[in-house]
Each structure stands twice: as structure tokens, then as C-alpha cells.
Amino acid sequence: REIDSVAQLFTAMAIEYFGYVPDRARNTTTRDILSLASSLGISITEDTILKYLKHGASFISRDWVPHER
């Protein structure tokens, strides 16, 4: 359950702050997150990022809309 919760939070943050759109075939979000992680010294692959974005998205309602900025 913890992985599910963390994946949901990760995906919600990606939607809110990086403009991630789960249904879109191509997103720059994985590269943006990878770049941020690298700048912090975190080693992670695009595949891992995408895996958890997809996992988290499976729990988030398709009609959820991020807050206006």
C-alpha cells in the first residue's frame, strides 16, 4: 500500500507541477523529472519514472484537473 500511495503522490505532483498528462502518448515529464533528479544527485532511469507515473495514474480519476496557477 505504501508504494501505491507514493506512486499516487508522485503522479499528482507530476501532473500539478510538470504538466504530466497520463493519457498523452508522449510527455516531456519523464525527462523533466530525470533532469531534476540528476541535479539533486539522484540516479534513476526514465523507465523507472514512467513505471511509477503510470502506476500512480491508475489510481487518479481521469477527470481530475490540476489547480490553476
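Calculation criteria
Residues numbered from 1 in each chain as written. Predicted model: local features only at pLDDT ≥ 70, side-chain atom pairs only at ≥ 80, totals over all residues. Heavy atoms only, no water. Helix = DSSP H or I, 4+ residues; strand = E, 2+ residues; numbered from the N terminus. Buried < 20%, exposed > 50% of the residue type's maximum accessible area, 1.4 Å probe, protein only. pLDDT = per-residue confidence, 0-100. Axes fitted to C-alpha atoms, helices over the stretch in contact; angles between N-to-C directions. Parallel < 35°, antiparallel > 145°, perpendicular 65-115°, else oblique. Left-handed = near helix turned anticlockwise from the far one by under 90°. Contact = heavy atoms within 4.5 Å. 1 Å grid on protein atoms, 1.4 Å probe; cavity = no way out; pocket = protein on both sides within 12 Å on 5 of 7 lines; lining within 4 Å. Points joined across faces, edges and corners; volume = space filled by probe spheres on them. Nonpolar A, V, L, I, M, F, W, Y, C, P; charged D, E, K, R; others polar.

## Here we look at the side chain of threonine 29
Point 1. Note on placement: threonine 29 falls in helix α2 (residues 29-39).
Point 2. Judged by its relative accessible area of 1%, threonine 29 falls in the buried class.

## Things to note about the environment of serine 43
Point 1. Looking at where serine 43 falls in the secondary structure, it is placed in the loop between α2 and α3 (46-57).
Point 2. What makes serine 43 exposed here is its relative accessible area of 76%.
Point 3. Sequence-wise, serine 43 and leucine 9 are 34 residues apart; in three dimensions their C-alpha atoms are separated by 20 Å.

## As for the confidence of the model for the protein
As a general rule, the predicted coordinates of low-pLDDT regions are not to be interpreted in detail.
Point 1. For the protein, per-residue confidence averages 91 on the pLDDT scale, and 99% of positions sit at 70 or higher.
Point 2. Ranking the helices and strands of the protein by mean pLDDT puts α2 first, with 96, and helix α1 (residues 2-18) last, with 93.

## Some points on the packing of α2 against α3
Point 1. Relative orientation of the contacting elements α2 and α3 amounts to 120 degrees, with a least axis distance of 9 Å. Relative to α3, α2 is oriented oblique. Considering only the axes of α2 and α3, their crossing is right-handed. Two secondary-structure elements touch here, α2 through Thr29, Thr30, Arg31, Ile33 and Leu34 and α3 through Glu46, Ile49, Leu50 and Leu53.

## Things to note about the environment of tyrosine 52
Point 1. Along the polypeptide, tyrosine 52 turns up in helix α3.
Point 2. Residue tyrosine 52 is classed as partly exposed on the basis of its relative accessible area of 27%.
Point 3. For the pair tyrosine 52 and tryptophan 64, spaced 12 residues apart in the sequence, the C-alpha separation amounts to 18 Å.
Point 4. In contact with tyrosine 52, other than residues within four places in its own chain, are Ile3, Ala7, Phe10 and Thr11.

## A short note on the layout of surface pockets
Point 1. The computed volume of the largest pocket comes to approximately 290 Å³.
Point 2. Together, 16 residues line the largest pocket, and Phe10, Ile33, Ala37, Ile44 and Ile49 are the ones closest to its centre.
Point 3. Only α1, α2 and α3 provide two or more residues apiece to the lining of the largest pocket.
Point 4. Tallying contributions element by element places α1 first for the lining of the largest pocket, with seven residues.
Point 5. Of the residues assigned to the lining of the largest pocket, the class counts are 15 nonpolar, one polar and no charged.
Point 6. Estimates place the volume of the second largest pocket at around 230 Å³.
Point 7. As for the second largest pocket, its lining consists of Tyr20, Pro22, Arg24, Ala25, Arg26, Asn27, Thr30, Arg31, Glu46, Asp47, Leu50 and Lys54.
Point 8. Those elements that place two or more of their residues in the lining of the second largest pocket are α2 and α3.
Point 9. Looking at which element gives the most residues to the lining of the second largest pocket, the answer is α3, with four residues.

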